Amino acid sequence: MDRARTVSHAEPGSTGKKGAAGLGVLLALLATVVWSGSFVATRGMAETVPPVQAVFWRWIIALLAVAPFAARQAWRQRTLIRRHLGFTALASLFGVTLYNTLVHQAGLTTTASNMGMIMAASPVIMALYARLGGERLGARRTFGMLLAAFGVLLLVGDGSIGFDFAAGDLWMFAAALSFATYSALLKRKPAELGGLAFLITTFVLGALMLAPAYAVSLHIQGGFETTAGTVGPLLYVGVFSSAVAFFAWNKAVSVIGAARAGVVYYLQPVCVAGLGLLLLGEPTGPAQLLCMALILGGVGLGSARR
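Notes on the structure follow. (Residues numbered from 1 in each chain as written. Predicted model: local features only at pLDDT ≥ 70, side-chain atom pairs only at ≥ 80, totals over all residues. Heavy atoms only, no water.)

Considering the nonpolar core
Membership of the largest hydrophobic core comes to 59 residues, with the highest contact counts inside it found for Trp59, Tyr99, Met119, Met172, Phe179, Phe203 and Trp249. Leave out the neighbours within four places in its chain, and Met119 touches Phe39, Tyr99, Met172, Ala175, Ala176, Phe179, Tyr265 and Gln268. Judged by nonpolar contacts, the second largest core, of 8 residues, contains Val49, Ile61, Leu234 and Val237. (Core = buried A, V, L, I, M, F, W, Y, C linked by side-chain atoms within 4.5 Å. Buried < 20%, exposed > 50% of the residue type's maximum accessible area, 1.4 Å probe, protein only. Contact = heavy atoms within 4.5 Å.)

In structure tokens:
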């Protein structure tokens, strides 16, 4: 009888953990899919909107999008925000200011596909950060991560490991490092600080850090024309790629950790290829399908809890 009680009490808790882990993977997947589209939008603005100005307005739009939902919580937790201002500012620097500026700078000299594929290197850095922080990755997750990384390398190299890098590709590697650092910092976010309060605070601080560079860009390069070709992509990256995707990613990392969320992020090249097929009519051959199978298999193994 006692044993039966023990089993009955253990099962709901186990189910709850599995449900939370599943939700975390889905949130990481949502962020990954949305960010895949943002590389197309960013590349589309490369010739019409200066990078710093694009990033600055991205976060102004994001602020307007999240303010109705997050402002009240941020006001209630203003004392907590002041107490942890140093940590929040550091997260803002890597996740808001540097990462997105580097992405938009990369868009000047590389393709959207390359941008998405190179960003898939960031999970390796996330896993290294997690290991340095004492997290045990396990053999299956490590193998899954390496398998997905191998698939990404083959996809980028068009079937081979050797490939040439443009200047924009190097900017994207720097962006991958910045994003991985931001994701690692998320695990240290104070538990008492609400997700929405943290989100809007990073947006505010990130925009403030960008303001001086924006003023310089406006003075030297002038502004940009507000057309459908500039406003549409800015709305996408501001509302979806910033407000929605960052909230989903932050929540995913808090539930399943940066290393496991990072494995899901390997799906980005697959998403980019899918968008290219659906929106641009770009063909997908057998070699690409094989690489995608490797990536999907690696994600399946790497996102497993054990």
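A closer look at the packing of aromatic side chains
Inspection of the entire model under this criterion finds 15 aromatic pairs. Pairing Phe179 with Tyr182 gives two aromatic rings, centres 6.5 Å apart and planes at 35 degrees, and the pair type is tilted. Residue Phe179 and its partner Tyr182 are located together in helix H8 (residues 167-186), separated by 3 residues, close to a single helical turn. When sorted by exposure, Phe179 lands in the same class as Tyr182, which is buried. Grouped by ring-pair contacts, the aromatic residues Trp35, Trp59, Tyr99, Phe179, Tyr182, Phe203, Phe246 and Trp249 constitute a single cluster. The ring of Trp75 carries Arg78 above its face, with NZ or CZ at 4.0 Å from the centroid. The ring of Phe198 carries Lys189 above its face, with NZ or CZ at 5.9 Å from the centroid. (Phe/Tyr/Trp six-rings, centres within 6.5 Å; stacked < 30°, edge-to-face > 60°. Helix = DSSP H or I, 4+ residues; strand = E, 2+ residues; numbered from the N terminus. Lys NZ or Arg CZ within 6 Å of the ring centre and 35° of its normal.)

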